[in-house]
Amino acid sequence: AWDDPVVKHLPWFRVKDPYLTHEITVRDLLTHRAGLGNADYLWYGQTTPPREILERVALLEPAYSLRSSFIYQNVMYAAAGAVIEAVSGRPWAEMLRTRIFEPLGMSETIATAATLASQPNVAMPHDRIDGELRVIGNASVDGVAPAGSVWSSVHDMAKWMQMLLDGGKAGNRVLLKPETLAELFEPQAMVTPQAF
């Protein structure tokens, strides 16, 4: 459930404050209000395994009181992916593929950059280097994959949008219950322009 404590599903999950360890909920992970500041230095540009990244969260100083503010937090989305795996018994990427991509016919979408090299027609990032526009490497976010490692096409993203606009359905198949869909669009954390 959205308001389950994370430790109900991940008994090993810890933050620096023992009280917060037991109070942070699945909803808090997904709404960027778990009290932690941005901690991309725990994973970016590294090959650290996801579990180790999440274990390093115990070293982070709280940045604000639980649910009192908002700071974008990729690592908490990785924790949400670990919750999905703990509850389902299947990796997050497999759940995404079997529960979303395949039912929607999203054949041009993958969950992680690990298989990117085998995909056809992949856009590459570019940057100006010494005044010349050049292809640069993609930065993998697979260490915190549930935070945004999905690779897709406009065509497939339109299928995702169609499902949302059609009340959570793909044809006659219901992918998201009405109450789940409503929760996705319910305001969870009010963010002022200054907070950005």
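Counting starts from 1 at the beginning of each chain's written sequence and moves along it residue by residue. A pLDDT threshold of at least 70 governs which residues receive local features in this predicted model, and a stricter bar of 80 or more applies before side-chain atom pairs are shown or counted, although totals over entire chains, interfaces and linings include all residues. With hydrogens and water stripped out, all remaining heavy atoms of the structure feed into the side-chain values.

Digging into the packing of aromatic side chains
We describe a pair of aromatic rings using the distance from one ring centre to the other and the angle between the two ring planes.
Phase 1: Aromatic rings from Phe, Tyr and Trp, with only the six-membered ring used for Trp, were paired whenever their centres fell within 6.5 Å, and each pair was classed as stacked if the ring planes differed by under 30 degrees, edge-to-face if by over 60, and tilted otherwise. The full count for this structure, using the stated rule, is one aromatic pair.
Phase 2: Aromatic pair Trp43 and Tyr44: ring centres 5.6 Å apart, planes at 75 degrees, arrangement edge-to-face.

A closer look at the environment of His22
Phase 1: Secondary structure is summarised from DSSP: a helix means a run of H or I of at least four residues, a strand means a run of E of at least two, and numbering begins at the N terminus for each. Inspection of the secondary structure assignment puts His22 in helix α2 (residues 18-23).
Phase 2: Only protein chains enter the accessibility calculation, which uses a 1.4 Å probe; a residue whose area is less than 20% of its type maximum is buried, one above 50% is exposed, and one in between is partly exposed. What makes His22 partly exposed here is its relative accessible area of 49%.
Phase 3: Along the sequence, His22 and Val6 sit 16 residues apart, while their C-alpha atoms lie 7.5 Å from each other.
Phase 4: Not counting residues up to four positions away in its chain, the partners in contact with His22 are Pro5 and Val7. Contacts are assigned to residue pairs that have any heavy atoms within 4.5 Å of one another.

Topic: the pairing of strand β1 (residues 126-129)
Phase 1: Strand pairing is defined by DSSP finding a minimum of two bridges between the two strands. Relative to strand β2 (residues 132-135), β1 runs antiparallel, the two sharing four bridges. Each residue of the ladder has a partner; that of His126, found in β2, is Val135.
Phase 2: Between the end of β1 and the start of β2, which pair antiparallel, lie two residues, with Asp130 showing a positive phi angle near 55 degrees.

Thoughts on the pattern of salt bridges
Two side chains that carry opposite charge are able to pair once their charged atoms sit near each other.
Phase 1: The salt bridge criterion pairs a side-chain nitrogen of Lys or Arg with a carboxyl oxygen of Asp or Glu, the two atoms within 4 Å. Enumeration over the complete set of coordinates arrives at twelve salt bridges.
Phase 2: In this structure, the salt-bridge partner of Arg27 is Asp3, at a minimum N-O distance of 2.7 Å. Taken together, the positions of Arg27 in helix α3 (residues 26-30) and Asp3 in the segment before α1 (6-9) put the pair 24 residues apart, joining distant regions of the chain.
Phase 3: Judged by its relative accessible area of 12%, Arg27 falls in the buried class.
Phase 4: Owing to a relative accessible area of 47%, Asp3 belongs among the partly exposed residues under this scheme.
Phase 5: Where Glu132 meets Arg134, a salt bridge forms, and the shortest distance between an N and an O atom there is 3.8 Å.
Phase 6: What makes Glu132 partly exposed here is its relative accessible area of 44%.
Phase 7: Because the salt bridges share partners, they merge into one network encompassing Asp3, Arg27 and Glu183.

Points about the confidence of the model for the protein chain
Phase 1: pLDDT gives the predictor's per-residue confidence on a scale running from 0 to 100. Here the protein chain averages 92 in pLDDT, and 99% of its residues register 70 or above.
Phase 2: Ranking the elements of the protein chain by mean pLDDT puts strand β3 (residues 169-170) last, at 93, and α1 first, at 98.

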